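# Summary of structural features
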Amino acid sequence: MSHDNITDITTYLRAHAIELGERILETYPPLQSTKDPVAPRIATLLRKALPAQALAITGTAKYLRKAKAARIVAECGAGKTYMALGAIHVLADGRPSTTLVMSPSHITHKWARETLLTVPRARAFLIEDMRNGGDPKKAHGVCEVRLRKGRIVYEGMRLSLADLRRMSRKEWRKRCPAPAFFITGKDKGKLGYYWEHVYIKAKSGPNLGGIVNPDTGAAILDSERQKLTHLDFVDKIKLFELLTLPQRGTMRYSALWQADRERIQRMAPIEFIGRYMGGWFDFAIADELHQLAGDTAQGNGLSVLGRAAKRLIALTGTLMGGYADDLFNIFYRMEPHTMVGEGFAYGGHGRRDFQQQYGVLETIEKVRDTDNACSRATKKTIQVLRKPGASPLLFGKFLMNTTAFLSLEDIADNLPRYDESVLSVEMDSELAKAYEELEEDIRAAIRSHRGNKSLMSILLNTLLLYPDHPYGFEDIWARAFDPQTREYVRFLAATPVNLSEDRLFSKERALIADVREELRQGRRCQVYATYTGEKDVTLRLETVLRQAGFRVAVLRSSVATDKREEWYERQLQSGVEVVVCHPKLVETGLDLLAFPTLYFYETGYSLHTLRQASRRSWRIGQRYPVRVKFVTYAGTMQETCLRLMGKKMLVALTCCNAMSNITLK
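In this report, the structure presented in the accompanying data block is examined. Bear in mind that the values here come from a model prediction, so they are computed numbers and not experimental data.

Here we come to the sheet that holds strand β13 (residues 281-286). Within the open sheet, the nine strands sit side by side as β5-β4-β3-β6-β2-β13-β14-β1-β17. Their pairing is mixed. Looking at which strands have only one partner, the edges of the open sheet turn out to be β5 (151-159) and β17 (403-406). Neighbouring strand axes in the sheet, compared pairwise and without regard to direction, differ in orientation by 25° on average. Strand direction decides the pairing type here: strand β4 (residues 142-148) and β5, joined by six bridges, are antiparallel. Of the residues in β5, the one forming a bridge with Leu 147 is Ile 152.

Moving on to the packing of aromatic side chains. Counted under the stated rule, the structure contains 25 aromatic pairs. Ring plane angle 70° and centroid distance 5.3 Å describe the contact between Phe 344 and Phe 354, whose orientation is recorded as edge-to-face. Of this pair, Phe 344 sits in the loop between α10 (336-341) and α11 (348-358) while Phe 354 is found in helix α11, placing the two residues 10 residues apart along the sequence. Considered together, Phe 344 and Phe 354 belong to a single accessibility category, that of buried residues. With 5.5 Å between their ring centres and 85° between their planes, Tyr 358 and Phe 398 make a pair best called edge-to-face.

Bridging between strand β3 (residues 123-127) and β4 involves four bridges; their strand directions are antiparallel. Within the sheet, the bridge partner assigned to Phe 125 lies in β4 and is Glu 144. Between β4 and the antiparallel strand that follows it, β5, lie two residues; Lys 149 among them carries a positive phi value of about 55°.

Our next topic: the nonpolar core. By size, the foremost hydrophobic cluster in this structure holds 121 residues, and its most contacted members are Leu 541, Leu 545, Tyr 568, Val 578 and Val 586. With nine residues, helix α3 (residues 80-92) is the largest single contributor of residues to this core.

Among the six residues of strand β6 (residues 180-185), six are classified as buried, and the element is accordingly described as predominantly covered. Going residue by residue along β6, you find Ala 180, Phe 182 and Thr 184 tucked away on one face and Phe 181, Ile 183 and Gly 185 tucked away on the opposite face as well. Two elements, strand β2 (residues 98-103) and β6, share six bridges in a ladder whose sense is parallel. Residue Ser 103 lies in a different strand from β6, and its bridge partner there is Gly 185.

Quick look at a nonpolar patch on the surface now. A contiguous nonpolar surface patch, about 220 Å² in accessible area, is contributed by Leu 460, Tyr 605 and Leu 644. Inspection of the secondary structure assignment puts Leu 460 in helix α14 (residues 453-465). Judged by relative accessible area, Leu 460 falls into the partly exposed class, the value being 31%.

Turning our attention to the sheet that holds strand β22 (residues 552-554). Strand pairing in a sheet takes place through backbone hydrogen bonds and is either antiparallel or parallel in direction. If you walk across this open sheet you meet the six strands as β18-β25-β24-β21-β23-β22, and the pairing is parallel. Two strands in the sheet have a free side with no partner beyond their single neighbour: β18 (418-425) and β22. Here the strands of the sheet are splayed against their neighbours by 20° on average, with no regard to which way each runs. Direction of pairing for β22 relative to strand β23 (residues 578-581): parallel, over a ladder of three bridges. Residue Val 552 lies in a different strand from β23, and its bridge partner there is Val 578. Docked against the sheet, helix α15 (residues 506-520) engages β18, β21 (525-528), β23, β24 (597-600) and β25 (626-633), running at close to 165° with respect to β25.

Positionally, Asp 36 belongs in the loop between α1 (9-27) and α2 (51-64). Taking the C-alpha atoms as reference, Asp 36 lies 8.7 Å from Leu 55; in sequence the two are 19 residues apart. Leaving out residues up to four positions away in the same chain, Asp 36 has contacts with Leu 31 and Lys 62. At 3.0 Å, the side chain of Asp 36 forms a polar contact with the backbone nitrogen of Ser 33.

Right, let's talk about unusual backbone geometry for a bit. Unlike most non-glycine residues, Lys 149 shows phi in positive territory, near 55°. You can see Lys 149 is positioned in the loop between β4 and β5. Positive phi, normally seen in glycine, also occurs at Glu 288, with a value near 55°. With respect to the element layout, Glu 288 can be found in the loop between β13 and α8 (297-308). For Glu 288, a relative accessible area of 4% gives the class buried.

Moving on to the packing of α3 against helix α4 (residues 108-118). Across the interface, α3 lies against α4 with an axial gap of 10 Å and an inter-helix angle of 50°. When the interaxial angle is binned, α3 and α4 end up oblique. Note that α3 runs across α4; the crossing there is right-handed. Here α3 contributes Thr 81, Tyr 82 and Leu 85 to the contact with α4, which in turn contributes Trp 111, Glu 114, Thr 115 and Thr 118. Here the residues of the contact of α3 with α4 are counted per class, giving three nonpolar, three polar and one charged.

The rules behind these values
Residues numbered from 1 in each chain as written. Predicted model: local features only at pLDDT ≥ 70, side-chain atom pairs only at ≥ 80, totals over all residues. Heavy atoms only, no water. Pairing = 2+ DSSP bridges. Helix = DSSP H or I, 4+ residues; strand = E, 2+ residues; numbered from the N terminus. Axes fitted to C-alpha atoms, helices over the stretch in contact; angles between N-to-C directions. Phe/Tyr/Trp six-rings, centres within 6.5 Å; stacked < 30°, edge-to-face > 60°. Buried < 20%, exposed > 50% of the residue type's maximum accessible area, 1.4 Å probe, protein only. Core = buried A, V, L, I, M, F, W, Y, C linked by side-chain atoms within 4.5 Å. Patch = residues over 30% accessible without salt bridge, like charges linked within 9 Å, V, L, I, M, F, W, Y side chains within 5 Å. Areas by Shrake-Rupley, 256 points an atom, 1.4 Å probe, with all protein chains shown as cover. Salt bridge = Lys/Arg side-chain N within 4 Å of Asp/Glu carboxyl O. Contact = heavy atoms within 4.5 Å. Polar contact = N/O pair within 3.5 Å; in protein donor to acceptor, adjacent residues only side chain to side chain. Parallel < 35°, antiparallel > 145°, perpendicular 65-115°, else oblique. Left-handed = near helix turned anticlockwise from the far one by under 90°. Nonpolar A, V, L, I, M, F, W, Y, C, P; charged D, E, K, R; others polar.

See below:
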């Protein structure tokens with residue numbers, strides 16, 4: 001690549017990844033290189049490790065002998081579960097151990113199965129909830145599971161988290177002198193008790209009949225300093241107040257809620273473990289780390305794992321979503337001392353500083369002249385936007401010493417060919433005309449109401465959806481602020497043309513033709529679509545594919561997460577050839593080895609979801625070449641969206657591939 005073509009960091013990294021890797025290796029020798037022997041205990045695992053996996057296991061175990069937390073970033077299908085179990089097996093060195101695993105709920109059984117198939121003498125326990133009682137048809141408390149004819153069955157010891165808490169670690173090891181793995185779904189970390197509002201109706205004084213704070217007796221005000229009534233609490237909009245105390249002006253948190261004693265009392269298993277079982281576990285594993293980056297209860301569960309165990313291993317196939325600050329919360333929850341030492345405060349301000357230092361920011365400065373009463377002036381507005389990209393310093397500072405990177409290329413000798421392609425389809429003339437009119441109407445509305453963010457949302461979502469569902473639309477309305485009345489008013493943004501749904505459109509015809517050819521070659525197909533609401537594209541696809549003579553099934557979100565693997569097995573047994581679903585329903589954990597051809601009929605804007613869902617078939621155990629096909633209408637917002645996703649993917653892949661070369665040289 002000539003230097004003339006290097007215009008940004010991404011291009012630079014791609015052009016000089018090998019040289020950068022060699023220079024870094026000279027300056028910072030790896031903890032575990034390809035020339036170093038791997039840990040002997042790896043050979044005692046029940047399943048044989050591939051060379052690259054053994055390298056990652058040994059390096060992770062070496063690092064964790066002195067450190068608290070480590071990460072394994074490996075592409076989907078590279079064996080992250082196996083490598084985490086292998087690292088714990090090496091670290092335990094034959095001694096009894098306890099490991100807490102937090103994974104997506106739909107793969108807890110898979111985790112149990114992988115554990116029993118990988119670690120000698122291992123015992124697996126599923127943490128279902130806090131109770132031992134309840135519906136007898138459902139499992140409760142902490143239940144041991146075993147492997148019978150390839151399936152996980154509830155069999156063996158049953159107890160509760162309270163029982164575990166009462167036991168000392170020494171007592172538990174007497175009862176279970178083997179490696180014990182306790183597995184819980186991450187979404188159970190957000191369950192808590194029911195709550196109700198707390199306020200007082202004033203019976204005298206200036207607030208007579210109104211709502212007052214129990215702590216102060218003063219009226220409760222909203223953000224616009226207006227008094228609230230009991231009707232304002234119907235939707236639970238006011239949860240607390242920050243009160244300034246008269247002495248020294250200190251702030252006090254005043255809760256406006258309490259536990260509802262009339263309803264079922266419950267507690268999230270992860271919350272219980274965090275409060276009462278600190279340090280009880282030897283190891284903890286956080287699966288799908290990228291899903292724990294948000295300011296959510298599930299994200300806070302990552303911090304709980306760090307407190308509950310002496311060593312923490314986090315796993316993900318997609319560490320970054322394209323932006324540097326995607327990693328801010330992850331670093332703070334796994335290496336808080338490092339983040340504090342670097343001067344980053346927890347919260348929004350620290351996150352902005354992190355993005356400014358290690359990411360890419362774009363500053364947009366707008367200057368316009370204004371006429372005052374007796375002078376002219378220049379008015380300047382500055383807007384700062386985050387852009388995809390990450391500084392190489394981010395990897396040197398936070399990732400190079402703490403993370404094992406593994407790409408599927410490192411185990412490519414054991415995998416079939418993987419191909420991605422784009423099926424760009426021209427719209428039928430009638431649809432093209434209707435789409436152009438709709439796009440022009442929305443853009444005209446944007447020009448008339450500059451800065452209206454709701455219109456931008458309408459532009460994106462409507463233009464992405466309309467070509468795949470050009471019927472059933474009503475007038476599209478938006479809201480704009482009227483400076484004269486100081487109120488928001490509705491205005492008509494566009495009136496889409498409704499075409500007949502009793503016909504096949506060109507993109508549907510292209511999909512049907514391609515699916516027919518894939519099935520002729522004996523290849524089942526998985527089709528992804530992202531619009532599943534009122535205008536349900538998955539329902540439309542089910543209809544047209546069945547009319548074409550294919551055996552089709554649609555996976556809905558109503559199928560419980562922990563039942564989706566069984567759902568796929570039932571569909572295969574019934575002879576289904578094509579499955580349609582939203583990609584988020586299968587993005588983590590599920591192995592779709594029976595579907596070597598995957599179609600993205602729609603992509604959405606989540607890089608995490610796209611990367612994870614596209615790798616559901618290309619993993620260890622696949623015997624057929626994997627084909628991933630993106631189907632779009634040419635010259636539409638769908639094509640623009642796919643191009644943007646490609647740029648974000650390039651940033652993430654370039655960074656991860658560069659680190660993989662460095663780590664596994």
